[in-house]
Amino acid sequence: MRFRILFLFLALLFVLGRPASSFAASYSITPTAPSLGVGCVGSAKIWINAAGDPINAGNVMVQFDAFKVKDVKLVPSAFFESYVDNVVSGSQVRLTGFSVSSAPTGSGLFATLQYTASAVGSASFSFIFSPGSSTDSNIASALTSDDLLTSASGATVTVTNDPCPDSRAPTP
């Protein structure tokens, strides 16, 4: 009988004593609506927010209009210890970051998105994300490996015929 009571107590302690996960992690891109002239080089920040949960990995998959922007790349930040899988393929770019010796809980810069405006119109940068899917953008819990990502907000660049500011001169 003592064994059953001890087992029940330990099981309840394990279930109730586990840190609760908010499952509210997110990605966002800023600025959300920049304007840029054809041939100008632009950049945007991809932010990660762990919403207080310890995380040990994150990956982004961003889709873009390859006719309106070109030379798209992601420049990793120092939010995670290491980054891999930095790939541009057609109209998608992806990057995975992970940490082995730490588990960030806050928010910070995941990567910088760089691109060149190539044709007049609107070009969206949108995360490939579907709640519960493990084959798209994700943020992994360091405690359970569950995907904590609940929202991902992108950006839309308006490409115009305006001249480039001096610091973003067109490439030859």
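Since we're looking at a predicted model, the values are computed, not measured.

A. Expanded view of the pairing of strand E3 (residues 41–49). Only one face of E3 is buried, namely the one carrying Gly42, Ala44, Ile46 and Ile48, since none of Val41, Ser43, Lys45, Trp47 and Asn49 on the opposite face is buried. Bridge count for strand E1 (residues 25–30) against E3 is five bridges, and the pairing is antiparallel. Each residue of the ladder has a partner; that of Ser28, found in E3, is Trp47. Alignment of E3 against strand E8 (residues 107–117), held across nine bridges, turns out to be antiparallel. Bridging across to E8, Gly42 finds its partner in Tyr115.

B. Expanded view of the side chain of Thr160. With respect to the helices and strands, the residue Thr160 is situated in strand E12 (residues 155–160). Residues within four places of Thr160 in sequence aside, it is in contact with Ser35, Leu36, Gly37, Val38 and Val120.

C. Layout of the state of the cysteines. All told, the structure shown has one disulfide when counted by the stated rule. The side chain of Cys40 participates in a disulfide bridge whose partner is Cys164; the two sulfur atoms lie 1.7 Å from each other. When the S-S torsion is -105°, as for the bridge of Cys40 with Cys164, the disulfide is left-handed. Remark: Cys164 occurs in the segment after E12 and Cys40 occurs in the loop between strand E2 (35–37) and E3; sequence separation between them is 124 residues. Each of the two residues, Cys40 as well as Cys164, counts as buried.

D. Spotlight on the sheet that holds E8. If you trace the five strands from one edge of the open sheet to the other, you get E5-E8-E3-E1-E11, paired in mixed fashion. Each edge of the open sheet carries a strand with a single partner, namely strand E5 (69–76) and strand E11 (149–153). Here the average twist between neighbouring strands, direction ignored, is 20°.

E. Structural context of the packing of aromatic side chains. This model, assessed by the stated rule, comprises eight aromatic pairs. Aromatic side chains Phe79 and Phe80 sit 5.1 Å apart centroid to centroid with 85° between the ring planes, which places their arrangement in the edge-to-face category. The two residues Phe79 and Phe80 agree in class, both being buried. Grouped by ring-pair contacts, the aromatic residues Tyr27, Phe79, Phe80, Tyr83, Phe110 and Phe127 constitute a single cluster.

Rules of the game
Position labels on residues start from 1 in each chain and follow its written sequence. Per-residue local features are limited, in this predicted model, to residues with pLDDT of at least 70; the limit for side-chain atom pairs, both in listing and counting, is 80 or more; totals at the level of whole chains, interfaces and linings are taken over all residues. No hydrogens and no water enter the side-chain calculation; it runs on all heavy atoms of the structure. Residue exposure (1.4 Å probe, protein chains only): buried if accessible area is under 20% of the type maximum, exposed if over 50%, otherwise partly exposed. Numbered from the N terminus, helices here are DSSP runs of H or I no shorter than four residues, and strands are runs of E no shorter than two. Should DSSP find at least two bridges between two strands, the strands are regarded as paired. Should any heavy atoms of two residues lie within 4.5 Å, those residues are counted as being in contact. Criterion for a disulfide: a pair of cysteine sulfur atoms within 2.5 Å. Every angle, taken between N-to-C directions, lies between 0 and 180 degrees, and every axis is a line fitted to C-alpha atoms, over only the stretch in contact when it is a helix. Classification of ring pairs uses Phe, Tyr and Trp, with its six-membered ring standing for Trp, and accepts pairs whose centres are within 6.5 Å; under 30 degrees between planes counts as stacked, over 60 as edge-to-face, and the remaining range as tilted.

These figures capture arrangement, not role.
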